[in-house]
Protein chains: 2
Amino acid sequence: MKKNKQGCDRQTCLVCRLCLKEWLPAVQAQKKHFDCKKGDVLFREGDPVTGIYFLYRGKVKVHKHWDEGKELIVRFAREGDIVGHRGIGADMVYPVTATALEPATVCYFELDFFNASLKVNHELLYELMLFYAWELQESEKRMRNLAHMPVKGRLANALITLKEKFGYDKDGFIAFPLSRQDLASYIGATYETTFRMLTAMIEENLVAVSGRYITLTNEEKLHRLREGPF
Amino acid sequence: MKKNKQGCDRQTCLVCRLCLKEWLPAVQAQKKHFDCKKGDVLFREGDPVTGIYFLYRGKVKVHKHWDEGKELIVRFAREGDIVGHRGIGADMVYPVTATALEPATVCYFELDFFNASLKVNHELLYELMLFYAWELQESEKRMRNLAHMPVKGRLANALITLKEKFGYDKDGFIAFPLSRQDLASYIGATYETTFRMLTAMIEENLVAVSGRYITLTNEEKLHRLREGPF
DNA sequence: TTAGGTGTATGATTTATGTCATAAAAATAA
DNA sequence: TTATTTTTATGACATAAATCATACACCTAA
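Now for a look at the structure at hand. Given the structure is predicted, the values throughout are model-derived calculations rather than measurements. (Residues numbered from 1 in each chain as written. Chains lettered and ligands numbered in written order. Predicted model: local features only at pLDDT ≥ 70, side-chain atom pairs only at ≥ 80, totals over all residues. Heavy atoms only, no water.)

Our focus in this paragraph is the overall build of chain A. Looking only at helices and strands, chain A has eight helices and 11 strands in total. With the principal axes as the frame, chain A shows a C-alpha extent of 60 × 35 × 35 Å. Looking at chain A as a whole, 54% of its 230 residues qualify as buried. Across chain A, the fraction of contacts at a sequence separation of at least 24, relative to all contacts at a separation of at least 6, is 70%. In the structure as shown, chain A presents an accessible area of about 10400 Å², 51% of it carried by carbon and sulfur atoms. Of the charged side chains in chain A, 34 are positive and 30 negative; the average position of the first set lies 3 Å away from that of the second. (Helix = DSSP H or I, 4+ residues; strand = E, 2+ residues; numbered from the N terminus. Buried < 20%, exposed > 50% of the residue type's maximum accessible area, 1.4 Å probe, protein only. Contact = heavy atoms within 4.5 Å. Areas by Shrake-Rupley, 256 points an atom, 1.4 Å probe, with all protein chains shown as cover. Lys, Arg positive; Asp, Glu negative; His and termini not counted. Charge placed at Lys NZ, Arg CZ, Asp CG, Glu CD.)

Here the focus is the sheet that holds strand 6 (residues 70–77) of chain B. Through backbone hydrogen bonds, the strands of a sheet pair up, either in parallel or in antiparallel fashion. Residues and elements named next belong to chain B. In spatial order, the strands read 3-8-5-6; together these four strands make up an open sheet with antiparallel pairing. Every interior strand has two partners, whereas the edge strands, strand 3 (41–43) and strand 6, have only one. Here the average twist between neighbouring strands, direction ignored, is 30°. In this sheet, strand 8 (residues 97–100) lies alongside strand 5 (residues 60–66) in antiparallel orientation, the contact comprising four bridges. Opposite V62, over in strand 8, you have A98 as the bridge partner. (Pairing = 2+ DSSP bridges. Axes fitted to C-alpha atoms, helices over the stretch in contact; angles between N-to-C directions.)

It is worth spelling out the packing of helix 3 (residues 111–120) of chain B against helix 4 (residues 122–148) of chain B at this point. Packed helices, taken two at a time, are described by their axes: the angle between them and the distance between them. Residues and elements named next belong to chain B. It is the contact of helix 3 with helix 4, at a shortest axis distance of 5 Å, that shows an interaxial angle of 110°. As summarised for this structure, helix 3 and helix 4 are arranged roughly perpendicular, according to the angle between their axes. Along the contact surface, helix 3 presents F114, S117, L118 and V120, while helix 4 presents H122, L124, L125 and L128. In the contact of helix 3 with helix 4, the residues fall into six nonpolar, two polar and no charged. (Parallel < 35°, antiparallel > 145°, perpendicular 65-115°, else oblique. Nonpolar A, V, L, I, M, F, W, Y, C, P; charged D, E, K, R; others polar.)

So, about the interface of chain A and chain B. Contact residues are listed per partner, giving 49 residues for chain A and 49 residues for chain B. For the pair chain A and chain B, the two sides together bury roughly 4500 Å², of which 68% comes from carbon and sulfur. If you look at where chain A meets chain B, you find two salt bridges. In this structure, the connection of chain A to chain B is made through 18 residue pairs in polar contact (both at pLDDT 80 or more). Those elements that place two or more of their residues in the side of chain A that touches chain B are strand 5 (60–66), strand 6 (70–77), helix 3 (111–120), helix 4 (122–148) and helix 8 (219–227) of chain A. Counting residues per element, the side of chain A that touches chain B draws most heavily on helix 4 of chain A, at 21 residues. (Buried area = accessible area lost by both parts, 1.4 Å probe. Salt bridge = Lys/Arg side-chain N within 4 Å of Asp/Glu carboxyl O. Polar contact = N/O pair within 3.5 Å; in protein donor to acceptor, adjacent residues only side chain to side chain.)

Looking now at the packing of aromatic side chains. Taken as a whole and judged by the stated rule, the model has 26 aromatic pairs over all chains. Note on F54 of chain A and F109 of chain A: the rings are 6.0 Å apart at their centroids and 80° apart in plane angle, and the pair reads as edge-to-face. Of this pair, F54 of chain A sits in strand 4 (residues 51–57) while F109 of chain A sits in strand 9 (residues 104–110), placing them 55 residues apart in sequence. For the pair F54 of chain A and F109 of chain A, a shared accessibility class is recorded, and that class is buried. Pairing F109 of chain B with F113 of chain B gives two aromatic rings, centres 5.8 Å apart and planes at 20°, and the pair type is stacked. Linked through ring pairs, W23, F54, F109, F113 and F114 of chain A together constitute an aromatic cluster. In this arrangement the basic side chain of K119 of chain B is found over the ring face of Y126 of chain A, its NZ or CZ atom lying 5.1 Å from the centre. (Phe/Tyr/Trp six-rings, centres within 6.5 Å; stacked < 30°, edge-to-face > 60°. Lys NZ or Arg CZ within 6 Å of the ring centre and 35° of its normal.)

Right, let's get into the protein's contact with DNA strand C. Taken together, 16 residues sit near DNA strand C, with K70, V151, E192 and T193 of chain A together with F195 of chain B positioned nearest. Counting only atoms of DNA strand C within 4 Å of the protein, the fraction found in sugar and phosphate groups is 65%. A distance of 3.0 Å separates a phosphate oxygen of DNA strand C from a polar backbone atom of V151 of chain A. Taking R196 of chain B, its side chain carries an N or O atom lying 3.4 Å from a base nitrogen of DNA strand C. (Near = heavy atom within 4 Å.)

The next subject is the protein's contact with DNA strand D. In the neighbourhood of DNA strand D, 16 residues make up the surrounding shell, with F195 of chain A together with V151, E192, T193 and R196 of chain B lying closest. Considering the 4 Å shell around the protein, atoms of DNA strand D inside it are sugar or phosphate in 65% of instances. Contact between DNA strand D and R180 of chain A: a phosphate oxygen at 3.2 Å from a main-chain N or O atom of the residue. Within the side chain of R196 of chain B, an N or O atom sits 3.0 Å from a base oxygen of DNA strand D. If you list the elements that add at least two residues to the surface near DNA strand D, you get helix 7 (191–203) of chain A together with helix 7 (191–203) of chain B. Partitioning the surface near DNA strand D into residue classes produces six nonpolar, three polar and seven charged.

In C-alpha coordinates form, the structure reads like this:
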(Lines give C-alpha, C1' and ligand atoms only; values in the text may rest on other atoms or scores of the structure.)
Protein backbone atom coordinates (compact mmCIF):
# COMPACT_ATOMS: atom_id res chain seq x y z
CA MET A 1 0.00 0.00 0.00
CA LYS A 2 1.30 3.37 -1.01
CA LYS A 3 0.41 6.59 0.66
CA ASN A 4 -1.69 8.91 -1.46
CA LYS A 5 -1.25 12.65 -1.02
CA GLN A 6 -4.27 13.66 -2.96
CA GLY A 7 -7.29 13.97 -0.74
CA CYS A 8 -10.73 12.47 -1.11
CA ASP A 9 -13.77 14.41 -2.25
CA ARG A 10 -15.06 14.72 1.32
CA GLN A 11 -18.36 13.32 0.18
CA THR A 12 -17.92 9.63 -0.18
CA CYS A 13 -17.45 8.29 3.32
CA LEU A 14 -19.66 8.43 6.34
CA VAL A 15 -17.18 10.34 8.48
CA CYS A 16 -16.81 13.12 5.94
CA ARG A 17 -20.46 13.26 5.02
CA LEU A 18 -21.72 13.53 8.57
CA CYS A 19 -18.83 15.52 9.92
CA LEU A 20 -19.54 18.47 12.19
CA LYS A 21 -18.11 21.75 10.95
CA GLU A 22 -16.02 22.13 14.08
CA TRP A 23 -14.60 18.67 13.67
CA LEU A 24 -13.61 19.00 10.01
CA PRO A 25 -10.10 20.28 10.59
CA ALA A 26 -9.42 17.33 12.86
CA VAL A 27 -10.68 14.94 10.21
CA GLN A 28 -8.50 16.60 7.60
CA ALA A 29 -5.49 16.28 9.83
CA GLN A 30 -6.12 12.70 10.82
CA LYS A 31 -7.18 10.90 7.71
CA LYS A 32 -4.70 9.06 5.60
CA HIS A 33 -5.17 7.89 2.07
CA PHE A 34 -3.66 4.77 0.63
CA ASP A 35 -3.54 3.36 -2.84
CA CYS A 36 -3.50 -0.35 -3.20
CA LYS A 37 -3.36 -2.66 -6.12
CA LYS A 38 -5.24 -5.82 -6.90
CA GLY A 39 -4.57 -8.51 -4.32
CA ASP A 40 -3.29 -6.14 -1.63
CA VAL A 41 -4.47 -6.96 1.85
CA LEU A 42 -5.79 -4.07 3.94
CA PHE A 43 -5.77 -6.16 7.10
CA ARG A 44 -5.76 -9.80 7.94
CA GLU A 45 -7.97 -11.93 10.15
CA GLY A 46 -6.29 -12.06 13.54
CA ASP A 47 -4.36 -8.82 13.14
CA PRO A 48 -4.75 -6.36 16.01
CA VAL A 49 -7.25 -3.67 15.13
CA THR A 50 -5.54 -0.35 14.45
CA GLY A 51 -8.15 1.63 12.61
CA ILE A 52 -11.01 1.78 10.22
CA TYR A 53 -11.12 2.12 6.46
CA PHE A 54 -13.43 3.78 4.00
CA LEU A 55 -13.27 2.72 0.43
CA TYR A 56 -12.91 5.67 -1.86
CA ARG A 57 -12.26 3.87 -5.11
CA GLY A 58 -12.22 0.23 -6.15
CA LYS A 59 -13.68 -2.97 -4.75
CA VAL A 60 -12.69 -5.10 -1.82
CA LYS A 61 -13.67 -8.53 -0.59
CA VAL A 62 -14.07 -9.19 3.11
CA HIS A 63 -13.50 -12.81 3.95
CA LYS A 64 -13.13 -15.29 6.79
CA HIS A 65 -11.10 -18.45 6.78
CA TRP A 66 -11.32 -21.91 8.21
CA ASP A 67 -9.04 -24.88 8.27
CA GLU A 68 -6.47 -23.92 5.66
CA GLY A 69 -7.76 -23.17 2.24
CA LYS A 70 -11.45 -22.75 2.98
CA GLU A 71 -12.73 -19.24 2.84
CA LEU A 72 -16.11 -17.61 3.06
CA ILE A 73 -16.57 -14.19 1.54
CA VAL A 74 -18.64 -12.22 3.98
CA ARG A 75 -19.14 -9.15 1.90
CA PHE A 76 -18.11 -7.22 -1.15
CA ALA A 77 -17.39 -3.56 -0.49
CA ARG A 78 -17.52 -0.79 -3.04
CA GLU A 79 -16.81 2.94 -3.18
CA GLY A 80 -18.12 4.69 -0.10
CA ASP A 81 -18.34 1.52 1.97
CA ILE A 82 -16.85 1.19 5.39
CA VAL A 83 -14.39 -1.63 5.92
CA GLY A 84 -12.86 -2.80 9.16
CA HIS A 85 -15.74 -1.84 11.39
CA ARG A 86 -16.01 -5.48 12.32
CA GLY A 87 -12.99 -4.86 14.55
CA ILE A 88 -14.76 -2.34 16.75
CA GLY A 89 -15.58 -3.34 20.27
CA ALA A 90 -14.36 -6.81 19.57
CA ASP A 91 -11.42 -8.74 20.89
CA MET A 92 -9.43 -6.03 19.21
CA VAL A 93 -8.41 -8.29 16.40
CA TYR A 94 -9.98 -8.20 12.99
CA PRO A 95 -12.31 -11.15 12.60
CA VAL A 96 -11.96 -10.95 8.82
CA THR A 97 -9.45 -10.25 6.07
CA ALA A 98 -9.93 -7.47 3.53
CA THR A 99 -8.40 -7.90 0.10
CA ALA A 100 -8.55 -5.53 -2.84
CA LEU A 101 -10.12 -7.09 -5.95
CA GLU A 102 -8.88 -4.28 -8.16
CA PRO A 103 -6.81 -1.14 -7.74
CA ALA A 104 -8.34 0.79 -4.87
CA THR A 105 -7.95 3.90 -2.78
CA VAL A 106 -8.86 3.85 0.88
CA CYS A 107 -9.27 6.48 3.51
CA TYR A 108 -7.97 5.39 6.89
CA PHE A 109 -8.65 6.60 10.43
CA GLU A 110 -6.87 5.48 13.54
CA LEU A 111 -9.25 3.74 15.89
CA ASP A 112 -8.83 6.29 18.68
CA PHE A 113 -9.71 9.13 16.40
CA PHE A 114 -12.67 7.31 14.98
CA ASN A 115 -13.93 6.55 18.45
CA ALA A 116 -13.50 10.18 19.41
CA SER A 117 -15.54 11.13 16.35
CA LEU A 118 -18.28 8.82 17.49
CA LYS A 119 -18.17 10.42 20.92
CA VAL A 120 -18.69 13.94 19.62
CA ASN A 121 -20.98 13.15 16.72
CA HIS A 122 -24.25 11.65 17.71
CA GLU A 123 -25.56 11.50 14.16
CA LEU A 124 -22.50 9.60 13.01
CA LEU A 125 -22.91 7.11 15.81
CA TYR A 126 -26.57 6.67 14.99
CA GLU A 127 -25.82 6.03 11.34
CA LEU A 128 -23.15 3.54 12.26
CA MET A 129 -25.58 1.76 14.55
CA LEU A 130 -28.13 1.55 11.75
CA PHE A 131 -25.48 0.25 9.45
CA TYR A 132 -24.59 -2.51 11.89
CA ALA A 133 -28.26 -3.34 12.32
CA TRP A 134 -28.60 -3.72 8.60
CA GLU A 135 -25.50 -5.83 8.24
CA LEU A 136 -26.71 -8.06 11.03
CA GLN A 137 -29.95 -8.67 9.22
CA GLU A 138 -28.14 -9.46 6.03
CA SER A 139 -25.77 -11.76 7.79
CA GLU A 140 -28.52 -13.70 9.49
CA LYS A 141 -30.44 -14.04 6.29
CA ARG A 142 -27.39 -15.49 4.64
CA MET A 143 -26.89 -17.74 7.64
CA ARG A 144 -30.34 -19.18 7.17
CA ASN A 145 -29.73 -19.60 3.46
CA LEU A 146 -26.51 -21.44 4.12
CA ALA A 147 -28.32 -23.74 6.51
CA HIS A 148 -31.36 -24.53 4.41
CA MET A 149 -31.11 -23.35 0.84
CA PRO A 150 -29.48 -25.59 -1.78
CA VAL A 151 -26.46 -24.32 -3.68
CA LYS A 152 -28.46 -23.42 -6.76
CA GLY A 153 -30.75 -21.19 -4.74
CA ARG A 154 -27.83 -19.57 -3.02
CA LEU A 155 -26.20 -18.93 -6.36
CA ALA A 156 -29.38 -17.38 -7.78
CA ASN A 157 -29.69 -15.29 -4.66
CA ALA A 158 -26.09 -14.14 -4.84
CA LEU A 159 -26.40 -13.11 -8.47
CA ILE A 160 -29.55 -11.13 -7.79
CA THR A 161 -27.91 -9.45 -4.82
CA LEU A 162 -24.82 -8.57 -6.82
CA LYS A 163 -26.93 -7.17 -9.62
CA GLU A 164 -28.88 -5.05 -7.16
CA LYS A 165 -25.77 -3.77 -5.44
CA PHE A 166 -23.59 -3.13 -8.46
CA GLY A 167 -26.05 -2.75 -11.30
CA TYR A 168 -25.35 -3.41 -14.95
CA ASP A 169 -22.48 -1.96 -16.95
CA LYS A 170 -22.85 -0.49 -20.43
CA ASP A 171 -22.65 -3.96 -21.97
CA GLY A 172 -25.49 -5.21 -19.84
CA PHE A 173 -23.43 -7.33 -17.46
CA ILE A 174 -23.28 -7.06 -13.70
CA ALA A 175 -20.69 -4.34 -13.13
CA PHE A 176 -18.63 -6.57 -10.95
CA PRO A 177 -16.34 -9.16 -12.51
CA LEU A 178 -15.87 -12.17 -10.28
CA SER A 179 -13.70 -15.23 -10.51
CA ARG A 180 -15.57 -18.51 -10.22
CA GLN A 181 -13.62 -19.18 -7.07
CA ASP A 182 -14.72 -15.93 -5.45
CA LEU A 183 -18.27 -16.60 -6.46
CA ALA A 184 -18.00 -20.03 -4.85
CA SER A 185 -16.52 -18.59 -1.68
CA TYR A 186 -19.30 -16.06 -1.58
CA ILE A 187 -22.09 -18.60 -1.68
CA GLY A 188 -20.25 -21.01 0.61
CA ALA A 189 -19.75 -23.85 -1.84
CA THR A 190 -16.82 -25.43 -3.61
CA TYR A 191 -15.50 -24.18 -6.87
CA GLU A 192 -16.66 -27.31 -8.69
CA THR A 193 -20.26 -27.32 -7.54
CA THR A 194 -20.59 -23.62 -8.19
CA PHE A 195 -19.23 -24.12 -11.65
CA ARG A 196 -21.67 -26.92 -12.38
CA MET A 197 -24.63 -24.92 -11.10
CA LEU A 198 -23.62 -21.95 -13.17
CA THR A 199 -23.34 -24.16 -16.23
CA ALA A 200 -26.79 -25.55 -15.51
CA MET A 201 -28.18 -22.04 -15.19
CA ILE A 202 -26.66 -21.06 -18.50
CA GLU A 203 -28.26 -24.08 -20.15
CA GLU A 204 -31.59 -23.15 -18.64
CA ASN A 205 -31.17 -19.63 -19.98
CA LEU A 206 -31.35 -18.06 -16.57
CA VAL A 207 -28.03 -16.30 -16.92
CA ALA A 208 -25.50 -15.55 -19.61
CA VAL A 209 -21.79 -15.43 -19.05
CA SER A 210 -18.88 -13.79 -20.76
CA GLY A 211 -15.65 -14.55 -18.99
CA ARG A 212 -15.95 -13.09 -15.54
CA TYR A 213 -18.98 -11.10 -16.41
CA ILE A 214 -22.46 -12.37 -15.76
CA THR A 215 -25.91 -11.13 -16.65
CA LEU A 216 -29.35 -12.26 -15.61
CA THR A 217 -31.54 -13.32 -18.51
CA ASN A 218 -34.51 -14.62 -16.57
CA GLU A 219 -34.89 -12.80 -13.28
CA GLU A 220 -38.35 -14.16 -12.80
CA LYS A 221 -37.13 -17.74 -12.54
CA LEU A 222 -34.07 -16.74 -10.57
CA HIS A 223 -36.29 -15.13 -7.99
CA ARG A 224 -38.32 -18.28 -7.76
CA LEU A 225 -35.17 -20.28 -7.11
CA ARG A 226 -34.62 -18.32 -3.91
CA GLU A 227 -38.10 -18.99 -2.65
CA GLY A 228 -37.59 -22.66 -2.12
CA PRO A 229 -37.13 -25.94 -3.88
CA PHE A 230 -40.24 -27.16 -5.63
CA MET B 1 -49.24 -12.58 26.86
CA LYS B 2 -50.59 -11.09 30.05
CA LYS B 3 -49.81 -7.65 31.29
CA ASN B 4 -47.74 -7.61 34.43
CA LYS B 5 -48.29 -4.80 36.92
CA GLN B 6 -45.26 -5.49 39.01
CA GLY B 7 -42.28 -3.53 37.77
CA CYS B 8 -38.82 -4.72 36.93
CA ASP B 9 -35.81 -4.18 39.16
CA ARG B 10 -34.57 -1.32 36.99
CA GLN B 11 -31.20 -3.03 36.78
CA THR B 12 -31.56 -5.80 34.29
CA CYS B 13 -32.02 -4.14 30.95
CA LEU B 14 -29.85 -1.74 29.02
CA VAL B 15 -32.40 1.07 28.96
CA CYS B 16 -32.83 1.05 32.72
CA ARG B 17 -29.16 0.56 33.47
CA LEU B 18 -27.94 3.40 31.32
CA CYS B 19 -30.90 5.68 31.84
CA LEU B 20 -30.28 9.35 32.50
CA LYS B 21 -31.77 10.61 35.73
CA GLU B 22 -33.89 13.14 33.89
CA TRP B 23 -35.22 10.47 31.61
CA LEU B 24 -36.21 7.96 34.28
CA PRO B 25 -39.77 9.18 34.80
CA ALA B 26 -40.38 8.84 31.09
CA VAL B 27 -39.05 5.31 31.13
CA GLN B 28 -41.23 4.43 34.09
CA ALA B 29 -44.26 5.82 32.32
CA GLN B 30 -43.56 4.13 29.00
CA LYS B 31 -42.41 0.66 29.77
CA LYS B 32 -44.84 -2.21 29.81
CA HIS B 33 -44.31 -5.59 31.35
CA PHE B 34 -45.72 -8.80 30.00
CA ASP B 35 -45.76 -12.31 31.31
CA CYS B 36 -45.70 -15.08 28.81
CA LYS B 37 -45.77 -18.81 29.08
CA LYS B 38 -43.82 -21.47 27.29
CA GLY B 39 -44.43 -21.39 23.57
CA ASP B 40 -45.79 -17.85 23.48
CA VAL B 41 -44.63 -15.80 20.53
CA LEU B 42 -43.39 -12.28 21.27
CA PHE B 43 -43.41 -11.35 17.60
CA ARG B 44 -43.35 -13.19 14.34
CA GLU B 45 -41.11 -12.95 11.29
CA GLY B 46 -42.80 -10.55 8.90
CA ASP B 47 -44.82 -8.70 11.54
CA PRO B 48 -44.51 -4.93 11.42
CA VAL B 49 -42.06 -3.70 14.03
CA THR B 50 -43.84 -2.01 16.91
CA GLY B 51 -41.27 -1.97 19.64
CA ILE B 52 -38.39 -3.57 21.39
CA TYR B 53 -38.26 -6.10 24.19
CA PHE B 54 -35.96 -6.74 27.09
CA LEU B 55 -36.04 -10.10 28.73
CA TYR B 56 -36.45 -9.80 32.43
CA ARG B 57 -37.03 -13.44 33.31
CA GLY B 58 -36.98 -16.68 31.32
CA LYS B 59 -35.46 -17.76 28.03
CA VAL B 60 -36.42 -17.05 24.47
CA LYS B 61 -35.36 -18.44 21.14
CA VAL B 62 -34.99 -16.13 18.17
CA HIS B 63 -35.49 -17.98 14.92
CA LYS B 64 -35.83 -17.56 11.17
CA HIS B 65 -37.77 -19.76 8.83
CA TRP B 66 -37.50 -21.00 5.31
CA ASP B 67 -39.72 -23.01 3.03
CA GLU B 68 -42.30 -24.38 5.47
CA GLY B 69 -40.95 -26.36 8.32
CA LYS B 70 -37.30 -25.44 8.21
CA GLU B 71 -36.09 -23.16 10.92
CA LEU B 72 -32.75 -21.81 12.01
CA ILE B 73 -32.35 -20.62 15.55
CA VAL B 74 -30.36 -17.44 15.37
CA ARG B 75 -29.90 -16.87 19.06
CA PHE B 76 -30.96 -17.88 22.53
CA ALA B 77 -31.77 -14.92 24.76
CA ARG B 78 -31.67 -14.93 28.54
CA GLU B 79 -32.48 -12.54 31.36
CA GLY B 80 -31.24 -9.05 30.59
CA ASP B 81 -30.96 -9.65 26.87
CA ILE B 82 -32.48 -7.39 24.30
CA VAL B 83 -34.90 -8.96 21.83
CA GLY B 84 -36.43 -7.38 18.77
CA HIS B 85 -33.58 -5.03 17.99
CA ARG B 86 -33.24 -6.79 14.68
CA GLY B 87 -36.27 -4.81 13.62
CA ILE B 88 -34.60 -1.44 14.02
CA GLY B 89 -33.79 0.51 10.90
CA ALA B 90 -34.92 -2.38 8.79
CA ASP B 91 -37.82 -2.78 6.43
CA MET B 92 -39.87 -2.24 9.56
CA VAL B 93 -40.81 -5.85 9.75
CA TYR B 94 -39.21 -8.28 12.16
CA PRO B 95 -36.81 -10.50 10.27
CA VAL B 96 -37.12 -13.16 12.97
CA THR B 97 -39.61 -14.78 15.31
CA ALA B 98 -39.16 -14.76 19.09
CA THR B 99 -40.66 -17.63 21.08
CA ALA B 100 -40.53 -18.21 24.82
CA LEU B 101 -38.90 -21.51 25.77
CA GLU B 102 -40.17 -21.27 29.33
CA PRO B 103 -42.33 -18.88 31.34
CA ALA B 104 -40.88 -15.44 30.83
CA THR B 105 -41.36 -11.81 31.71
CA VAL B 106 -40.50 -9.11 29.22
CA CYS B 107 -40.18 -5.38 29.38
CA TYR B 108 -41.48 -3.66 26.27
CA PHE B 109 -40.86 -0.22 24.77
CA GLU B 110 -42.64 1.28 21.82
CA LEU B 111 -40.26 1.91 18.98
CA ASP B 112 -40.75 5.66 18.98
CA PHE B 113 -39.94 5.93 22.62
CA PHE B 114 -36.91 3.72 22.28
CA ASN B 115 -35.66 5.81 19.38
CA ALA B 116 -36.18 8.93 21.43
CA SER B 117 -34.15 7.37 24.21
CA LEU B 118 -31.36 6.72 21.77
CA LYS B 119 -31.53 10.33 20.64
CA VAL B 120 -31.10 11.74 24.11
CA ASN B 121 -28.77 9.13 25.52
CA HIS B 122 -25.44 8.93 23.78
CA GLU B 123 -24.13 6.24 26.10
CA LEU B 124 -27.12 4.02 25.42
CA LEU B 125 -26.69 4.45 21.71
CA TYR B 126 -23.01 3.63 21.97
CA GLU B 127 -23.69 0.47 23.94
CA LEU B 128 -26.32 -0.57 21.46
CA MET B 129 -23.88 -0.03 18.63
CA LEU B 130 -21.28 -2.18 20.40
CA PHE B 131 -23.87 -4.83 20.95
CA TYR B 132 -24.73 -4.90 17.28
CA ALA B 133 -21.06 -5.05 16.40
CA TRP B 134 -20.65 -8.04 18.65
CA GLU B 135 -23.70 -9.80 17.29
CA LEU B 136 -22.48 -9.22 13.78
CA GLN B 137 -19.19 -10.88 14.60
CA GLU B 138 -20.95 -13.83 16.13
CA SER B 139 -23.28 -14.13 13.21
CA GLU B 140 -20.51 -14.12 10.67
CA LYS B 141 -18.54 -16.66 12.62
CA ARG B 142 -21.55 -18.93 12.61
CA MET B 143 -22.02 -18.25 8.94
CA ARG B 144 -18.54 -19.47 8.22
CA ASN B 145 -19.10 -22.52 10.41
CA LEU B 146 -22.29 -23.35 8.58
CA ALA B 147 -20.45 -23.10 5.29
CA HIS B 148 -17.37 -25.11 6.16
CA MET B 149 -17.62 -26.95 9.44
CA PRO B 150 -19.18 -30.42 9.52
CA VAL B 151 -22.20 -31.04 11.73
CA LYS B 152 -20.16 -32.67 14.47
CA GLY B 153 -17.95 -29.62 14.78
CA ARG B 154 -20.93 -27.32 14.80
CA LEU B 155 -22.52 -29.40 17.52
CA ALA B 156 -19.37 -29.32 19.62
CA ASN B 157 -19.15 -25.61 19.06
CA ALA B 158 -22.77 -25.06 20.01
CA LEU B 159 -22.44 -27.02 23.22
CA ILE B 160 -19.33 -25.12 24.24
CA THR B 161 -21.05 -21.82 23.47
CA LEU B 162 -24.15 -22.78 25.44
CA LYS B 163 -22.04 -23.84 28.36
CA GLU B 164 -20.16 -20.55 28.29
CA LYS B 165 -23.32 -18.50 28.04
CA PHE B 166 -25.49 -20.35 30.54
CA GLY B 167 -22.99 -22.13 32.78
CA TYR B 168 -23.62 -25.30 34.75
CA ASP B 169 -26.49 -25.85 37.14
CA LYS B 170 -26.10 -27.41 40.57
CA ASP B 171 -26.18 -30.90 39.06
CA GLY B 172 -23.35 -30.09 36.72
CA PHE B 173 -25.40 -29.83 33.54
CA ILE B 174 -25.63 -26.88 31.20
CA ALA B 175 -28.28 -24.68 32.80
CA PHE B 176 -30.33 -24.64 29.65
CA PRO B 177 -32.53 -27.59 28.78
CA LEU B 178 -32.96 -27.99 25.05
CA SER B 179 -35.04 -30.29 22.94
CA ARG B 180 -33.12 -32.22 20.32
CA GLN B 181 -35.12 -30.40 17.70
CA ASP B 182 -34.09 -26.99 19.00
CA LEU B 183 -30.50 -28.11 19.22
CA ALA B 184 -30.72 -29.25 15.61
CA SER B 185 -32.28 -25.97 14.51
CA TYR B 186 -29.57 -24.12 16.33
CA ILE B 187 -26.72 -25.84 14.53
CA GLY B 188 -28.54 -25.83 11.22
CA ALA B 189 -28.94 -29.56 10.77
CA THR B 190 -31.83 -32.00 10.80
CA TYR B 191 -33.10 -33.62 13.92
CA GLU B 192 -31.85 -37.03 12.85
CA THR B 193 -28.26 -36.09 12.08
CA THR B 194 -28.00 -34.06 15.23
CA PHE B 195 -29.29 -36.99 17.20
CA ARG B 196 -26.78 -39.35 15.65
CA MET B 197 -23.89 -36.98 16.27
CA LEU B 198 -24.93 -36.52 19.85
CA THR B 199 -25.10 -40.28 20.28
CA ALA B 200 -21.63 -40.60 18.80
CA MET B 201 -20.33 -37.97 21.18
CA ILE B 202 -21.83 -39.77 24.14
CA GLU B 203 -20.14 -42.99 23.05
CA GLU B 204 -16.84 -41.16 22.73
CA ASN B 205 -17.33 -39.78 26.23
CA LEU B 206 -17.23 -36.20 25.08
CA VAL B 207 -20.59 -35.36 26.60
CA ALA B 208 -23.11 -36.91 28.95
CA VAL B 209 -26.83 -36.50 28.63
CA SER B 210 -29.76 -36.75 30.97
CA GLY B 211 -33.00 -36.05 29.21
CA ARG B 212 -32.77 -32.51 27.94
CA TYR B 213 -29.76 -31.72 30.02
CA ILE B 214 -26.28 -32.01 28.67
CA THR B 215 -22.85 -31.74 30.21
CA LEU B 216 -19.40 -31.64 28.69
CA THR B 217 -17.14 -34.43 29.88
CA ASN B 218 -14.17 -33.80 27.63
CA GLU B 219 -13.90 -30.14 26.77
CA GLU B 220 -10.39 -30.64 25.47
CA LYS B 221 -11.54 -32.88 22.65
CA LEU B 222 -14.66 -30.84 22.01
CA HIS B 223 -12.51 -27.79 21.48
CA ARG B 224 -10.42 -29.70 19.03
CA LEU B 225 -13.52 -30.64 17.06
CA ARG B 226 -14.12 -26.96 16.38
CA GLU B 227 -10.66 -26.40 15.06
CA GLY B 228 -11.10 -28.54 12.00
CA PRO B 229 -11.44 -32.07 10.74
CA PHE B 230 -8.29 -34.15 11.10
C1' DT C 1 -58.62 -45.74 31.39
C1' DT C 2 -57.82 -44.81 26.70
C1' DA C 3 -56.50 -41.70 23.18
C1' DG C 4 -53.70 -38.50 20.97
C1' DG C 5 -50.11 -35.43 20.69
C1' DT C 6 -45.16 -34.47 21.18
C1' DG C 7 -40.54 -35.69 21.66
C1' DT C 8 -37.16 -39.49 21.33
C1' DA C 9 -34.90 -43.23 19.01
C1' DT C 10 -32.94 -45.85 14.89
C1' DG C 11 -32.53 -48.35 10.47
C1' DA C 12 -32.62 -48.13 5.33
C1' DT C 13 -32.12 -45.42 1.33
C1' DT C 14 -31.23 -41.38 -1.52
C1' DT C 15 -29.07 -37.36 -2.94
C1' DA C 16 -26.70 -33.20 -2.95
C1' DT C 17 -22.37 -31.73 -2.59
C1' DG C 18 -17.59 -32.32 -1.78
C1' DT C 19 -13.18 -34.59 -3.11
C1' DC C 20 -9.82 -36.16 -6.31
C1' DA C 21 -7.67 -36.22 -10.69
C1' DT C 22 -6.45 -34.19 -14.87
C1' DA C 23 -6.13 -31.01 -18.66
C1' DA C 24 -6.89 -27.03 -21.49
C1' DA C 25 -6.83 -22.13 -21.64
C1' DA C 26 -5.50 -17.79 -20.22
C1' DA C 27 -2.87 -14.68 -17.81
C1' DT C 28 1.64 -13.30 -15.98
C1' DA C 29 6.42 -13.53 -15.48
C1' DA C 30 10.99 -14.34 -17.20
C1' DT D 1 9.40 -15.66 -27.20
C1' DT D 2 9.04 -19.54 -23.75
C1' DA D 3 8.10 -20.78 -19.14
C1' DT D 4 5.17 -20.86 -15.25
C1' DT D 5 1.46 -19.87 -12.53
C1' DT D 6 -3.42 -19.11 -12.14
C1' DT D 7 -7.99 -19.81 -13.66
C1' DT D 8 -11.38 -22.48 -16.06
C1' DA D 9 -13.27 -26.81 -17.32
C1' DT D 10 -14.96 -31.72 -16.60
C1' DG D 11 -15.32 -36.54 -15.46
C1' DA D 12 -15.31 -40.25 -11.90
C1' DC D 13 -16.01 -41.27 -7.24
C1' DA D 14 -16.79 -40.81 -2.25
C1' DT D 15 -19.51 -39.42 1.52
C1' DA D 16 -21.85 -36.43 4.71
C1' DA D 17 -26.09 -35.37 5.61
C1' DA D 18 -31.02 -35.30 4.30
C1' DT D 19 -35.10 -38.00 3.63
C1' DC D 20 -38.23 -41.59 4.53
C1' DA D 21 -40.21 -44.95 7.44
C1' DT D 22 -41.43 -46.80 11.76
C1' DA D 23 -41.76 -47.50 16.70
C1' DC D 24 -41.58 -46.49 21.40
C1' DA D 25 -41.78 -43.53 25.54
C1' DC D 26 -43.93 -39.92 27.94
C1' DC D 27 -47.12 -36.47 28.99
C1' DT D 28 -51.84 -34.53 29.64
C1' DA D 29 -56.50 -34.12 28.08
C1' DA D 30 -60.78 -36.36 27.74
